[in-house]
Amino acid sequence: MNPIKAFCVVLALGTLAPCGLVQAQDALVGSWVLDPAQNQGPPGMVPTAGTATVTAAGAGRYTSVSEVSIGGATGHSEITYSVDGKDYAVTMTPTQPGAAITQSMERVSDTAWKSNLKLNGQLMATVMTEVSSDGNTLTQMTT
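Calculation criteria
- Residues numbered from 1 in each chain as written.
- Predicted model: local features only at pLDDT ≥ 70, side-chain atom pairs only at ≥ 80, totals over all residues.
- Heavy atoms only, no water.
- Pairing = 2+ DSSP bridges.
- Helix = DSSP H or I, 4+ residues; strand = E, 2+ residues; numbered from the N terminus.
- Core = buried A, V, L, I, M, F, W, Y, C linked by side-chain atoms within 4.5 Å.
- Buried < 20%, exposed > 50% of the residue type's maximum accessible area, 1.4 Å probe, protein only.
- Contact = heavy atoms within 4.5 Å.
- Salt bridge = Lys/Arg side-chain N within 4 Å of Asp/Glu carboxyl O.

J.: Where do I start with the pairing of strand β11 (residues 137-142) in this structure?
T.: Sheet topology note: the strand β10 (residues 122-131)/β11 ladder contains 5 bridges and is antiparallel. Within β11, the residue paired with E130 across the bridge is T139.

See below:
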């Protein structure tokens with residue numbers, strides 16, 4: 001059996017909608033900028049730069065993530081989803097032929113979410129995402 005590997009990505013608040021609007025939607029909505037000094041994980045597995053933007057999309061959410069790896073390779077992903085535990089297709093750039101990536105999202109609390117990432121239907125990672133009590137830091141723990 002393979003040991004479970006975990007790593008942590010910390011994103012600091014970039015720009016965020018006015019507080020009243022954020023509270024009406026949820027703490028995750030906003031633009032987040034990666035703080036590479038706070039990242040922990042295996043070399044080459046944790047991005048060195050990145051941004052994540054989460055917006056309300058009707059009854060769901062739209063998330064756009066851009067990141068840079070240690071080797072300087074860039075990647076971008078987009079997903080529109082509901083926080084209902086169902087799988088939604090992720091669009092990746094660059095694309096990988098034959099790779100169907102999906103993600104589900106469940107609310108754990110007012111400031112925490114659990115998502116599962118699947119590759120061709122097989123679970124590849126579970127991500128716990130939490131926004132700090134002051135609303136300024138988003139932390140993700142991936143196993």
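J.: Honestly, the nonpolar core in this entry has me stumped. Any pointers?
T.: Across soluble globular proteins, nonpolar side chains show a tendency to be buried alongside one another. Of all hydrophobic cores here, the largest spans 13 residues; its most connected members are L28, Y81, W113 and V131. When contributions to this core are tallied by element, the ones reaching two or more residues are β3 (49-57) and β5 (74-81). Ignoring any residue separated from it by four or fewer positions in sequence, one finds L28 in contact with V54, Y81, M105, W113, T129, V131 and L138.

J.: Explanation requested: the pattern of salt bridges in the structure shown.
T.: Pairing between side chains of opposite charge can happen when the charged atoms of each approach one another. Following the criterion strictly, the structure yields 3 salt bridges and no others. Close ionic contact of D26 with R61 constitutes a salt bridge, the shortest N to O distance being 2.7 Å. One end of the pair, D26, is in the loop between α1 (19-25) and β2 (30-34); the other, R61, is in strand β4 (residues 60-68), with 35 residues separating them in the sequence. Classification of D26 by relative accessible area gives buried; the value is 5%. Each of the salt bridges in this network shares a partner with another, and the network as a whole consists of D26, R61 and R107.

J.: Would you mind going over the environment of Q40 with me for this structure?
T.: Of note, Q40 is situated in the loop between β2 and β3. Since its relative accessible area comes to 52%, Q40 is described here as exposed. Residues Q40 and M141, 101 residues apart in the sequence, show an inter-C-alpha distance of 9.5 Å.

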